[in-house]
Amino acid sequence: MARRFPHAVYGQGEEPDARFSLANERTFLAWIRTALALLLAGVALEALDAPIEPSLRLTSALIFVGLGLLAIIHAWMSWARTERSLRLQQPLPGRAVGAIIVSGAAVAIVLIGVGSWLV
Amino acid sequence: MTAIADPGLQPERTLLAWRRTILALALGVALAVRYVDLGGPAIALAVGVPALVVLAVAYATTTVRYRRVARDLAIGEGEMPGVGGAVTMVAMIALVLGLGSLLALVPAVGLTP
């Protein structure tokens, strides 16, 4: 059998049902696309010179970009942990990061709303 | 008894998910190369062109990988190929885009009009 990277994931446990591994991959890819959308939102706010009070606009933009970076890190770690849990037949890791990202995005959107009104 | 058709759908969905993610990343890299101001095109191209090449290779190898997975599932054998390499490369390219986005926000760097 070829040795698969990363060994910390594939070296443990047994081969899980392929459908679960594939679902795990799709989840990872969905998080990456979500991250790209968050990054785009942050950059667009500034690049398109949106008519929003400048300091609030920059804060929102930084929040979106920060959440995007968080989503990327979460995507990778979640993929690795979930794949390992599948192989070891253990409970899947938690989803707290999703709540953090949604809350952060909500804050940024509120700032945008306030900033639009202040302009 | 023929194998259930369903085993082929999951790899296909996964292949499509890889493709649209890779395309989204390629678009992001192209936009970043075009718009992030690093005092000249040299750095952006030095990072962006290899990234696009990596993405093109990933696109091709992903297609090959899932054709194989679909076939293996249909005949009920074979170990799933490892995707840790592809997953890591995609995450790293996304991370570069994230750092580029952060740079784009720094007023001193700014964006090329």
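The preceding data block contains the structure.
Given the structure is predicted, the values throughout are model-derived calculations rather than measurements.

K.L.:
Break down the nonpolar core for me, citing the residues and quoting the values.
P.N.:
Among the nonpolar cores identified, the biggest contains 50 residues, and Phe28(A), Ile32(A), Trp79(A), Trp18(B) and Leu25(B) are the most heavily contacted of them. Elements with a minimum of two residues in this core: helix H1 (7–10), helix H2 (18–47), helix H3 (54–88) and helix H4 (96–118) of chain A together with helix H1 (9–35), helix H2 (41–75) and helix H3 (84–105) of chain B. Setting aside residues no more than four positions away along its own chain, Trp18(B) makes contact with Glu25(A), Leu29(A), Thr62(B), Arg65(B), Tyr66(B), Ala86(B), Val87(B) and Val90(B).

K.L.:
Requested: an account of the packing of H3(A) against H4(A), with residues and values cited.
P.N.:
Residues and elements named next belong to chain A. At their nearest, the axes of H3 and H4 sit 9 Å apart, and the two run at 165° to each other. Taken as axis vectors, H3 and H4 run roughly antiparallel relative to one another. The crossing of H3 and H4 is left-handed. Taken together, the residues of the contact of H3 with H4 sort by class into 17 nonpolar, five polar and no charged.

K.L.:
Which residues make up the packing of aromatic side chains, and what are the values?
P.N.:
Residues and elements named next belong to chain B. Going through the model one piece at a time under the given rule, you end up with one aromatic pair over all chains. A cation over a ring is seen here: Arg34 above Tyr35, with NZ or CZ 4.5 Å from the ring centre. In this structure, Arg65 packs its charged tip against the face of Trp18, placed 5.2 Å from the ring centre.

K.L.:
So what's going on with empty space enclosed by the protein? Residues and values would help.
P.N.:
In total, this model carries one cavity of 30 Å³ or more according to the counting rule given. In this model, the largest cavity occupies a volume close to 70 Å³. Lining the largest cavity are Arg4(A), Tyr10(A), Glu15(A), Pro16(A), Ser21(A), Glu25(A), Trp79(A), Glu83(A), Arg87(A), Met80(B), Pro81(B) and Val83(B). Elements with a contribution of two residues or more to the lining of the largest cavity: H2 and H3 of chain A. Of the residues forming the lining of the largest cavity, the biggest block, three residues, is contributed by H3(A). Looking at the lining of the largest cavity residue by residue, the class counts come to six nonpolar, one polar and five charged.

K.L.:
Can you tell me about the layout of surface pockets, naming the residues and giving the values?
P.N.:
Here the largest pocket defines a volume of roughly 470 Å³. Leu40(A), Val43(A), Gly28(B), Leu31(B) and Ala32(B) are, among the 21 residues lining the largest pocket, the residues nearest its centre. Elements with a contribution of two residues or more to the lining of the largest pocket: H2 of chain A together with H1 and H3 of chain B. Residue contributions to the lining of the largest pocket peak at eight residues, all from H2(A). In terms of residue class, the lining of the largest pocket is built from 17 nonpolar, three polar and one charged. As for the second largest pocket, its lining consists of 19 residues, and the residues nearest its centre are Ala32(B), Val47(B), Gly48(B), Val96(B) and Leu97(B). Looking at the lining of the second largest pocket, the elements that each hand over two or more residues are H1, H2 and H3 of chain B. Residue composition of the lining of the second largest pocket, grouped by class: 17 nonpolar, two polar and no charged.

K.L.:
Run through the interface of chain A and chain B, naming residues and quoting values.
P.N.:
With 33 residues of chain A in contact, the opposing surface of chain B contributes 34 residues. Buried area between chain A and chain B, summed over both chains or domains, comes out near 3000 Å², and the portion from carbon and sulfur atoms is 75%. Summed over the shared surface of chain A and chain B, the result is zero salt bridges. Where chain A touches chain B, the interface holds 10 residue pairs in polar contact (both at pLDDT 80 or more). Taken together, the elements giving at least two residues each to the side of chain A that touches chain B come down to H2 and H3 of chain A. Broken down by element, the side of chain A that touches chain B gets its largest block of residues, 17 residues, from H2(A). Here the side of chain A that touches chain B is composed, by residue class, of 24 nonpolar, two polar and seven charged.

Parameters at a glance
Residues numbered from 1 in each chain as written. Chains lettered and ligands numbered in written order. Predicted model: local features only at pLDDT ≥ 70, side-chain atom pairs only at ≥ 80, totals over all residues. Heavy atoms only, no water. Core = buried A, V, L, I, M, F, W, Y, C linked by side-chain atoms within 4.5 Å. Buried < 20%, exposed > 50% of the residue type's maximum accessible area, 1.4 Å probe, protein only. Helix = DSSP H or I, 4+ residues; strand = E, 2+ residues; numbered from the N terminus. Contact = heavy atoms within 4.5 Å. Axes fitted to C-alpha atoms, helices over the stretch in contact; angles between N-to-C directions. Parallel < 35°, antiparallel > 145°, perpendicular 65-115°, else oblique. Left-handed = near helix turned anticlockwise from the far one by under 90°. Nonpolar A, V, L, I, M, F, W, Y, C, P; charged D, E, K, R; others polar. Phe/Tyr/Trp six-rings, centres within 6.5 Å; stacked < 30°, edge-to-face > 60°. Lys NZ or Arg CZ within 6 Å of the ring centre and 35° of its normal. 1 Å grid on protein atoms, 1.4 Å probe; cavity = no way out; pocket = protein on both sides within 12 Å on 5 of 7 lines; lining within 4 Å. Points joined across faces, edges and corners; volume = space filled by probe spheres on them. Buried area = accessible area lost by both parts, 1.4 Å probe. Salt bridge = Lys/Arg side-chain N within 4 Å of Asp/Glu carboxyl O. Polar contact = N/O pair within 3.5 Å; in protein donor to acceptor, adjacent residues only side chain to side chain.

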